[in-house]
Amino acid sequence: MKEELNYIGNKIIEDSKTLAEQVENFEKDEYVLSLANSSLSREEVLAWRAQMFIFMGEALIEDYESVKNRVIAWTKEVGEKAIESDVPLNETIALMGAYRNILWQTFDRELQENRFAAITVLDVNKLVNPLLDEVIFQFSQLYIRYNNRKYQKAQDKLTELSVPVVPVAERVAVLPVVGEVDEDRAQLIMEMSLQKSSHYQLEYLLIDISGVPKIDVRVAHNLLQIVQSLELVGVQTILTGLRPEIARSVVAMGVNFSKVKTRANLKQSLSEIGIGGL
């Protein structure tokens, strides 16, 4: 049995490049297009596939754990390069089944003529299948981490767009607030305004709330907390765009805005702090 495993392993290694070329026959149109649009060459992909077959052959004739460790390290390296080159790992993972098919097609004649004992076929599967499963697992982990990073970047970008602190002069910025302000968004506005105030070393932050359709007690208190938090770090805040009907509503609700500087519009606020030319 050992001789048969050695024979199969050495043949896989010897024919690794030829076997790798056959993987192309299993590629779907989407994968072909993705590969063509990536920065990887066909030669690089072929070399990676040949190396995978070499690992499969080595698993049959060398210490399995040693081969497995090399496969894990290699998969992580190749996976990162594939991601950097814009090759979709999910489509790469879908191709892994082709390696099993190609492997047994290579030994189809020997199998039909019963040149291998049944136990040998079983042993080959017991060694090769977990190796391919490990590659799929490692690729999957990389794919998940990549998508998580991509999602987080999108969320960060969305956060910046939803709380746009816009510098208009030295140490002066405007924060236009548009839409509903719930607890989560109020917390986000507070965090981003504090962060951007520190980044731009602001002295004044003009918060324009003309785009907020409704201000209830909860929203009013949230705005008050934002203003107070900014004052604690030395940023003078001016609320602009407080429409008359909203102002009356705030007073009726008993929210004390007496210590909050408010102005009718941005132009008035800018003029007051000496930027009247804007």
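Details of the structure are given in the entry above.
About the thresholds
Residues numbered from 1 in each chain as written. Predicted model: local features only at pLDDT ≥ 70, side-chain atom pairs only at ≥ 80, totals over all residues. Heavy atoms only, no water. Buried < 20%, exposed > 50% of the residue type's maximum accessible area, 1.4 Å probe, protein only. Helix = DSSP H or I, 4+ residues; strand = E, 2+ residues; numbered from the N terminus. Arc of directions from axis to C-beta. Contact = heavy atoms within 4.5 Å. Core = buried A, V, L, I, M, F, W, Y, C linked by side-chain atoms within 4.5 Å. Phe/Tyr/Trp six-rings, centres within 6.5 Å; stacked < 30°, edge-to-face > 60°. Pairing = 2+ DSSP bridges. Axes fitted to C-alpha atoms, helices over the stretch in contact; angles between N-to-C directions. Right-handed = clockwise from strand over helix to strand, strands pointing away.

How would you summarise helix 3 (residues 29-36) if you had to cite specific residues and measurements?
Regarding helix 3, the residues found buried are Tyr 31, Ser 34 and Leu 35. Buried residues along helix 3 cover an arc of 95° about the axis, so they all sit on one side. Turned more than 90 degrees off the buried face of helix 3, the exposed positions are Asp 29, Leu 33 and Ala 36. Next to the buried residues of helix 3 lie helix 4 (42-61) and helix 6 (89-94).

Can you break down the environment of Val 250 residue by residue, with the values?
Among the structural elements, Val 250 can be located in helix 12 (residues 244-252). Taking the C-alpha atoms as reference, Val 250 lies 7.3 Å from Val 217; in sequence the two are 33 residues apart. Filtering out sequence-adjacent residues up to four positions away, Val 250 remains in contact with Ile 215, Val 255 and Phe 257.

Lay out the nonpolar core in plain terms, naming residues and giving numbers.
With 44 residues, the main nonpolar core has Met 52 and Phe 53 as its most contacted residues. Put simply, the parts of the chain that give this core at least two residues each are helix 1 (2-14), helix 2 (16-23), helix 3, helix 4, helix 5 (64-84), helix 6, helix 7 (96-106) and helix 9 (118-162). A total of nine residues in this core trace back to one element, the largest contributor, which is helix 4. For Met 52, the contacting residues outside a window of four places in its chain are Trp 74, Tyr 99, Leu 131, Leu 132 and Val 135. Core analysis: the next-biggest nonpolar cluster, separate from the first, contains 31 residues, Ala 173, Met 190, Leu 224 and Val 235 among them.

Lay out the side chain of Thr 237 with the relevant residues and their values.
Position of Thr 237 among the secondary structure elements: in strand 4 (residues 236-240). If sequence neighbours within four positions are ignored, Thr 237 has contacts with Leu 205, Ile 207, Val 227, Leu 230 and Lys 261.

Pulling in residues and values, what's your account of the packing of aromatic side chains?
Enumeration over the complete set of coordinates arrives at three aromatic pairs. Pairing Tyr 7 with Phe 107 gives two aromatic rings, centres 6.4 Å apart and planes at 65°, and the pair type is edge-to-face. You can see Tyr 7 sitting in helix 1 and its partner Phe 107 sitting in the loop between helix 7 and helix 8 (108-112), a full 100 residues away along the chain.

Summarise the sheet that holds strand 4; cite the residues concerned and give the values.
With respect to topology, five strands assemble into an open sheet ordered 1-2-3-4-5, the strand pairing being mixed. Both edges of this open sheet fall to strand 1 (166-169) and strand 5 (261-263), since each of them pairs with a single strand only. Within the sheet, the average angular offset between the axes of one strand and its neighbour, ignoring direction, is 30°. Of the strands in this sheet, strand 1, strand 2 (172-178) and strand 3 (204-211) touch helix 10 (residues 183-200), which is tilted by about 165° from strand 2. Contacts from helix 11 (residues 217-232) reach strand 3 and strand 4 within the one sheet, and its direction differs from that of strand 3 by about 170°.

Which residues make up the pairing of strand 4, and what values do they have?
Across the five residues that make up strand 4, a large majority, four, are buried. Relative to strand 4, strand 3 runs parallel, the two sharing five bridges. Pairing of Leu 205 across the sheet is with Thr 237, part of strand 4. Taken together, strand 3, helix 11 and strand 4 constitute a β-α-β crossover, and its handedness is right-handed.

By themselves, these figures tell us nothing about what the structure is for.
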